[in-house]
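Structural overview
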Amino acid sequence: MTSDPQQPRASTSPHEAEATTQDNPPLFEKCHRFFDPSGDYAKIKANDLYPYFRPIEESEGSRAVMNGDELIMAGSNNYLGLTADPRVQEAAQEATAKYGTGCTGSRFLNGTLDLHLKLEEELADFMGKEQAVLFSTGYMTNEGVLEAIAGRNDIIFSDKDNHACIVAGTQASLADTKRYRHNDLEHLRTMLERAAAERPEAGKLIATDGVFSMSGKLARVPALLDLANEFDAALMLDDAHAIGVVGRGGRGSASTFGLKDDVHLITGTFSKSFASIGGFCVGDRDVVEYIRHEASTHMFSASMPPSTVATVLKSLEILRNEPERLDRLHEISDYMRDGFRNLGFDVWESETPIIPVVVGDMETCFRFWRALIDEGVFVNAVVPPAVPKGQALMRTSYMATHTDEELEEILDAFHRVGHKLGVIGTNGHG
Ligand SMILES: Cc1ncc(COP(=O)(O)O)c(C=O)c1O
């Protein structure tokens with residue numbers, strides 16, 4: 001579409017002041033529609049209920065300053081509370097001083113530091129696997145592993161609630177992808193049986209989150225492994241919310257069932273327990289080396305910066321040496337789950353420090369979130385399609401460094417807001 005370059009385009013965008021005289025290609029019409037004054041975005045913004053992209057002005061782990069107010073942070077994935085640990089911060093600073101601020105290249109070419117190799121060795125050792133490979137984010141890890149390991153002739157069986165990066169990986173892989181109903185292993189079995197009958201020669205991979213990021217529920221690892229073995233499939237667990245959180249010494253979802261050694265591929269991220277950014281995959285030597293040489297997200301993107309690698313190395317050392325952090329994290333999670341249930345909230349089937357508190361429709365969700373901010377508590381507002389319709393929720397999550405007083409304040413705030421908005425006693429089995 002061409003327009004008179006002297007005439008600004010007609011737009012309902014709130015960014016009107018920035019609109020120029022440039023052409024307005026049809027491609028972008030959806031972008032302008034998104035900001036239509038009668039649309040959800042504009043209404044939520046106008047009522048000061050928009051819960052996303054809130055800047056944090058200061059943070060010391062369990063507390064953060066936003067808009068000048070100090071809030072209790074019950075919406076981070078900083079499970080071990082290590083972002084504010086002086087030992088971790090010092091390690092990051094020393095690495096910056098020694099290696100500089102960035103690697104300016106991919107691992108493949110100029111971006112491999114001795115620190116990267118050390119971290120790969122330590123992670124393989126921690127997870128009891130032959131080899132580890134690093135990626136620059138958790139998202140790139142899952143996308144890259146799937147793209148590398150599965151191809152046109154293979155079939156991926158993927159849980160419908162898997163994280164977006166697994167979905168991206170299945171698409172990038174070009175493999176035939178079957179999505180089974182969330183944690184429904186009868187459905188998965190039916191798919192595997194059909195695949196075995198129709199395409200016996202195809203390579204098969206079952207991919208699932210080890211801990212589901214919205215519900216805090218564990219994958220059914222023993223039954224998944226049985227199915228994988230029965231149908232000659234590999235099993236891949238995305239343990240983003242599991243390593244450094246659950247299992248023996250924080251070794252992840254399979255470890256909670258004593259099955260870590262039997263799972264073929266385990267991926268993890270450094271953006272949660274490990275207080276940084278980046279990700280990794282562990283498994284057998286040949287498989288991991290193949291991924292290192294085939295995953296585009298590893299080969300063609302710059303490597304983890306020195307400070308982040310040093311942060312993860314120090315966090316891993318602390319995880320190994322201070323098991324009391326995990327004990328405290330589990331104690332807190334049990335306490336909060338019971339606390340919410342006793343107040344009459346529905347927390348689904350959470351089994352980890354991720355505790356969803358269901359509040360109902362989208363508008364109630366945003367109002368609930370806003371009221372919690374006014375009470376001094378930050379959580380994440382989660383609405384469909386990330387959760388089923390009518391099950392919008394406050395995603396709460398905890399860290400080993402939350403104090404008892406902070407936990408009480410969080411529960412008190414939920415109690416008051418829950419009553420005020422009529423959610424308590426109306427949303428499930430409370
Ligand atoms: C289950 C799961 N996998 C992968 C990721 C991506 O990790 P990252 O944020 O480190 O890229 C996330 C992030 O939230 C996640 O929840």
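Everything here concerns the structure above.
Cut-off values and rules
Residues numbered from 1 in each chain as written. Predicted model: local features only at pLDDT ≥ 70, side-chain atom pairs only at ≥ 80, totals over all residues. Heavy atoms only, no water. Buried < 20%, exposed > 50% of the residue type's maximum accessible area, 1.4 Å probe, protein only. Helix = DSSP H or I, 4+ residues; strand = E, 2+ residues; numbered from the N terminus. Pairing = 2+ DSSP bridges. Right-handed = clockwise from strand over helix to strand, strands pointing away. Core = buried A, V, L, I, M, F, W, Y, C linked by side-chain atoms within 4.5 Å. Contact = heavy atoms within 4.5 Å. Axes fitted to C-alpha atoms, helices over the stretch in contact; angles between N-to-C directions.

Turning our eyes to something else, we now look at the pairing of strand S5 (residues 155-159). In terms of burial, S5 is largely enclosed, as five of its five residues are buried. Residues Ile 155, Phe 157 and Asp 159 of S5 are buried on one face, and the alternating residues Ile 156 and Ser 158, pointing to the opposite face, are buried as well. The sheet contact formed by S5 and strand S6 (residues 176-180) spans five bridges and is parallel. From the neighbouring strand, Phe 157 faces S6, where its bridge partner is Lys 178. Crossover connection from S5 via helix H6 (residues 164-173) to parallel S6: handedness right-handed.

This part takes up the nonpolar core. Counting 55 residues, the largest nonpolar core has Leu 119, Phe 157, Leu 188, Ile 206 and Phe 270 as the members making the most contacts within it. Residues within four places of Phe 270 in sequence aside, it is in contact with Leu 119, Leu 123, Leu 134, Ala 275, Ser 276, Ile 277, Gly 278, Gly 279, Phe 280, Met 304 and Val 312. By size, the runner-up hydrophobic cluster in this structure holds 43 residues, among which are Ala 74, Met 399, Ile 410 and Val 423.

Attention now moves to the sheet that holds strand S13 (residues 380-382). Taken in spatial order, the three strands make up an open sheet running S11-S14-S13, and their pairing is antiparallel. Every other strand in the sheet has two partners, leaving strand S11 (354-360) and S13 as the edge strands with one partner each. Ignoring which end each strand starts from, the neighbouring axes of this sheet average 30° apart. Strand direction decides the pairing type here: S13 and strand S14 (residues 392-397), joined by three bridges, are antiparallel. Directly across from Asn 380, in S14, lies its bridge partner Arg 395. Sheet contacts for helix H13 (residues 324-343): S11 and S14; angle to S11, the most-contacted strand, approximately 15°.

Looking now at the sheet that holds strand S3 (residues 69-73). Taking strand neighbours across the sheet as the criterion, the four strands line up as S1-S2-S3-S12 in an open arrangement whose pairing is mixed. Each edge of the open sheet carries a strand with a single partner, namely strand S1 (58-59) and strand S12 (377-378).

Turning to the pairing of strand S9 (residues 265-269), a few remarks are in order. Where burial is concerned, most of S9 is hidden: five out of the five residues are buried. Taken together, the four bridges between S9 and strand S10 (residues 279-283) define a ladder with antiparallel strand orientation. Note that in S10 the partner of Ile 266 across the bridge is Val 282.

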